[in-house]
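# Structural overview for review
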Amino acid sequence: MNYKINLIKSNRKTFCLEIKERGVLIVRAPKSASKKDIMAVVEKHRNWIEKKIYEIPVVDESDKFTAEELAQMVEDTKKKLSLMIPKYSLSMGVNPNRITIRNQRTRWGSCSSKGNLNFNCLLSLVPERVMEYVVVHELAHLIEMNHSKRFWKIVEEIIPDYKEQKRWLKENGDGLIRKL
């Protein structure tokens, strides 16, 4: 193995393998998993890991967003969300509490149990339809705080093509996040 393994144990039932930066494998594992269990999962997926681990391009520091660019993205995202959130909140019958814009490396949005919504400032760089999907996704958590079938049905009622928007984020999002 010619790569670094970052292990994250949590209250989960399954393993998850992620590669978000070149030469680094993130292994998400149940708290109860032994080192032997973890290495067995890594070994089982060795071909996939070795194929993918070096596909991610190295980001040059000069490619990173500047503080000024990030500040502008926060402002741009606030403006766009100030129109989008009331529109979708009204149609979904929900009322979010506090709304925050951050430069997050792992999420496009999140919703707390208190009804607070957080959004990634990079949303100002994605297509409008993708941004709408993220907004509706987080607002749907005010109705259903999980990713059950019922949750996805709520999202689909508002954004029928949500799978396309989700795919866009999966295919293009990491390239933007790497520049943070």
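A brief report on the enclosed structure follows.

## Focus on the sheet that holds strand 1 (residues 4-10)
- Taken in spatial order, the three strands line up as 1-3-2 in an open sheet, and their pairing is mixed. At either end of the open sheet lies a strand with only one pairing partner, and these are strand 1 and strand 2 (16-21). When the angles between neighbouring strand axes are averaged without regard to direction, this sheet yields 25 degrees.
- Across seven bridges, the pairing between strand 1 and strand 3 (residues 24-30) is parallel.

## Topic: helix 6 (residues 162-177)
- Most pronounced at Glu171, the bend in helix 6 amounts to some 40 degrees.
- What helix 6 keeps buried is the set Tyr162, Gln165, Leu169, Gly173, Leu176 and Ile177.
- Check the buried side of helix 6 and you find it contacts helix 4 (128-140) and helix 5 (149-158).

Here is what the cut-offs are and how they apply
Residues numbered from 1 in each chain as written. Predicted model: local features only at pLDDT ≥ 70, side-chain atom pairs only at ≥ 80, totals over all residues. Heavy atoms only, no water. Pairing = 2+ DSSP bridges. Helix = DSSP H or I, 4+ residues; strand = E, 2+ residues; numbered from the N terminus. Axes fitted to C-alpha atoms, helices over the stretch in contact; angles between N-to-C directions. Bend = angle between axes of the 7 residues up to and from the residue. Buried < 20%, exposed > 50% of the residue type's maximum accessible area, 1.4 Å probe, protein only. Contact = heavy atoms within 4.5 Å.

So, to be careful, I would describe these as geometric facts and stop short of saying anything about function.
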